[in-house]
Amino acid sequence: MKRSSDYPLHSRPIIGFADEYPAGFVDPLHCHHRSQLSYSAFGTISVITESSSFMLPPHRAIWIPAGMMHEVHCSATVSTYTLYIDPALDRQPQECRVFEVSELVRALIFEVGHFPVGYDLAGREGKLAQLLLDEIERMPSTPSEIVMPRDRRLLRVCHALIDDPADQRDIDDWASVAGMGRRTFTRLFKDQTGAGFATWRQQVRLMAALQRLALGQPITTVAFEVGYESPSAFTAMFHRAFGVVPSAYLAKVRHPAAPPRAGNGAATA
């Protein structure tokens with residue numbers, strides 16, 4: 001496993017690498033001079049910025065703008081394709097986003113990720129790289145962000161729920177943990193996260209479910225481990241959030257589209 005600094009990223013507008021990360025891998029807080037596109041071909045990645053946490057499940061991609069401080073966590077083995085893009089070509093909003101990946105975008109990521117370092121900008125490679133950027137703009141974002149509050153008392157509550165999403169304590173209990181009255185807790189929480197406490201907790205549970213499903217855990221086990229009272233309640237919420245039932249998501253995770261074999265070395269995120 002090599003680092004992005006080992007490669008001539010400035011030699012072309014888009015440079016890509018394939019890589020695998022071991023279970024437990026952590027890339028500490030850092031940033032890049034280029035925008036970054038990471039696609040998870042296998043496994044789930046957590047990308048944490050100074051204000052939010054993003055879950056990148058298999059077969060989706062995350063866009064990280066140039067200069068954005070972030071760290072990466074891999075709870076299990078992960079296979080990725082990472083592209084670094086000249087900020088001059090970056091037409092994305094200057095914020096992280098996780099998005100759906102069409103069959104065309106997936107194929108383009110695989111293709112561009114294997115271009116030689118000195119590929120022809122005016123030839124086929126250059127045209128495919130430009131097509132990839134055009135197609136990324138069309139991809140819909142998916143609900144994969146957990147916004148973290150700034151207040152240390154609220155952070156104590158948030159970290160406790162991320163560690164144990166099945167914790168069933170109610171809002172009065174959590175307000176007590178934060179050392180606040182209920183009204184102050186609910187007002188400050190929404191002000192700092194942009195979501196009500198119940199909505200935020202639901203998002204945490206769904207992100208935890210994605211990670212567990214990617215590890216191959218049974219749907220019933222996942223439902224109870226992330227705090228749902230029944231598998232049917234979990235399935236209904238999962239379908240509303242992601243557009244597919246957990247069984248369909250599991251099938252996709254277990255039988256992913258096989259990418260071409262990596263021909264380049266790879267860079268860490």
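Everything below is about the structure printed above this text.
Okay, so let's go over this structure. Residue numbering note: each chain is counted from 1, following its sequence as written. A pLDDT threshold of at least 70 governs which residues receive local features in this predicted model, and a stricter bar of 80 or more applies before side-chain atom pairs are shown or counted, although totals over entire chains, interfaces and linings include all residues. Neither water nor hydrogens contribute to the side-chain values; these are computed over all heavy atoms in the structure.

**Quick word on the environment of Ile-162**
Reasoning step 1: Each helix is a run of H or I in the DSSP string that is no shorter than four residues. Each strand is a run of E no shorter than two, and both are numbered from the N terminus. Take Ile-162: it is sitting in helix 3 (residues 152-163).
Reasoning step 2: Relative accessibility thresholds used throughout: buried, under 20% of the residue-type maximum; exposed, over 50%; partly exposed, between the two (1.4 Å probe, protein chains only). According to the relative accessible area criterion, Ile-162 is partly exposed, its value standing at 35%.
Reasoning step 3: Residues Ile-162 and Ile-146 lie 16 residues apart in sequence; the distance between their C-alpha atoms is 9.9 Å.
Reasoning step 4: It only takes one pair of heavy atoms within 4.5 Å for two residues to be counted as in contact. Apart from residues no more than four positions distant in its own chain, Ile-162 is found in contact with Met-148, Trp-200 and Val-204.

**Observations concerning the nonpolar core**
Reasoning step 1: Grouping buried Ala, Val, Leu, Ile, Met, Phe, Trp, Tyr and Cys residues that are joined through side-chain atoms within 4.5 Å yields what is termed a nonpolar core. Core analysis: the largest hydrophobic core is formed by 35 residues, its most contacted members being Phe-185, Phe-197, Trp-200, Phe-234 and Phe-238.
Reasoning step 2: Counting only elements with at least two residues in this core, the list comes to helix 3, helix 4 (171-178), helix 5 (182-193), helix 6 (197-214), helix 7 (219-225), helix 8 (231-242) and helix 9 (246-254).
Reasoning step 3: When residues of this core are assigned to their parent elements, the largest contribution, 10 residues, is made by helix 6.
Reasoning step 4: Beyond its immediate stretch of four places on either side in the chain, Phe-238 contacts Leu-206, Leu-210, Leu-213, Gly-243, Val-244, Val-245, Pro-246 and Tyr-249.
Reasoning step 5: Ranked by size, the runner-up nonpolar core spans 28 residues in total, among them Ile-15, Tyr-39, Leu-108 and Phe-110.

**Focus on empty space enclosed by the protein**
Reasoning step 1: Using protein atoms alone on a 1 Å grid, points that fit a 1.4 Å probe yet trap it form a cavity, whereas open point sets bounded by protein on both sides within 12 Å along at least five of seven lines form a pocket; residues with an atom within 4 Å of a point count as lining. Grid points are joined across faces, edges and corners, and a volume is the space filled by probe spheres set on the points. In this structure the tally under the stated criterion is two cavities of 30 Å³ or more.
Reasoning step 2: In this model, the second largest cavity occupies a volume close to 40 Å³.
Reasoning step 3: Looking at the second largest cavity, the residues that line it are Trp-63, Leu-89, Arg-91, Gln-92, Leu-133, Ile-136 and Glu-137.
Reasoning step 4: The element best represented in the lining of the second largest cavity is helix 2 (residues 124-138), accounting for three residues.
Reasoning step 5: The residue makeup of the lining of the second largest cavity, split by class, is four nonpolar, one polar and two charged. Amino acids outside the nonpolar list (Ala, Val, Leu, Ile, Met, Phe, Trp, Tyr, Cys, Pro) and the charged list (Asp, Glu, Lys, Arg) are all regarded as polar, and Gly is one of them.

**What to know about the packing of aromatic side chains**
Reasoning step 1: Put simply, two rings from Phe, Tyr or Trp (the six-membered ring, in Trp's case) pair if the centres are within 6.5 Å, and we call them stacked under 30 degrees between planes, edge-to-face over 60, tilted for the rest. A complete count under the given rule lists 12 aromatic pairs for this structure.
Reasoning step 2: Ring geometry for Tyr-39 versus Phe-110: centroids 5.9 Å apart, planes at 70°, classification edge-to-face. With a gap of 71 residues between them, Tyr-39 in strand 3 (residues 35-42) and Phe-110 in helix 1 (residues 103-112) connect regions that are remote in the sequence. Comparing Tyr-39 with Phe-110 shows no difference in burial state: the two are buried.
Reasoning step 3: Residues Phe-115 and Tyr-119 carry aromatic rings whose centres are separated by 5.1 Å and whose planes lie at 55° to one another, so their mutual orientation is tilted. Each member of the pair, Phe-115 together with Tyr-119, is buried.
Reasoning step 4: Ring pairs connect the aromatic residues Phe-185, Phe-189, Phe-197 and Trp-200, which therefore count as one cluster.

**Let's talk about unusual backbone geometry**
Reasoning step 1: Even without being a glycine, His-59 presents a positive backbone phi close to 70°.
Reasoning step 2: Note that His-59 resides in the loop between strand 5 (52-56) and strand 6 (60-64).

**Points about the sheet that holds strand 1 (residues 14-21)**
Reasoning step 1: Should DSSP find at least two bridges between two strands, the strands are taken to pair. Strand order in the open sheet formed by five strands is 1-8-3-6-9, and the pairing between neighbours is antiparallel. On the outer flanks of this sheet lie strand 1 and strand 9 (97-100), each paired with one strand and no other. On average, adjacent strands in this sheet sit at an angle of 20° to one another, irrespective of strand direction.
Reasoning step 2: Orientation is described by lines fitted to C-alpha atoms, with helices fitted over the stretch in contact, and by angles between N-to-C directions that extend from 0 to 180 degrees. On top of the sheet, helix 2 reaches strand 1, strand 3, strand 6, strand 8 (78-85) and strand 9; it is set at about 100° to strand 9, its chief contact.

**Examining the pattern of salt bridges**
Reasoning step 1: By definition here, a salt bridge exists when the distance from a side-chain nitrogen of Lys or Arg to a carboxyl oxygen of Asp or Glu is within 4 Å. For the structure on display, the rule yields nine salt bridges.
Reasoning step 2: Of the charged contacts in the structure, one is a salt bridge between Arg-106 and Glu-103, with a shortest N-O distance of 3.0 Å. Note that Arg-106 and Glu-103 are positioned in helix 1 at a spacing of three residues, about one turn of the helix.
Reasoning step 3: Under the relative-accessibility criterion, Arg-106 is labelled buried at 4%.

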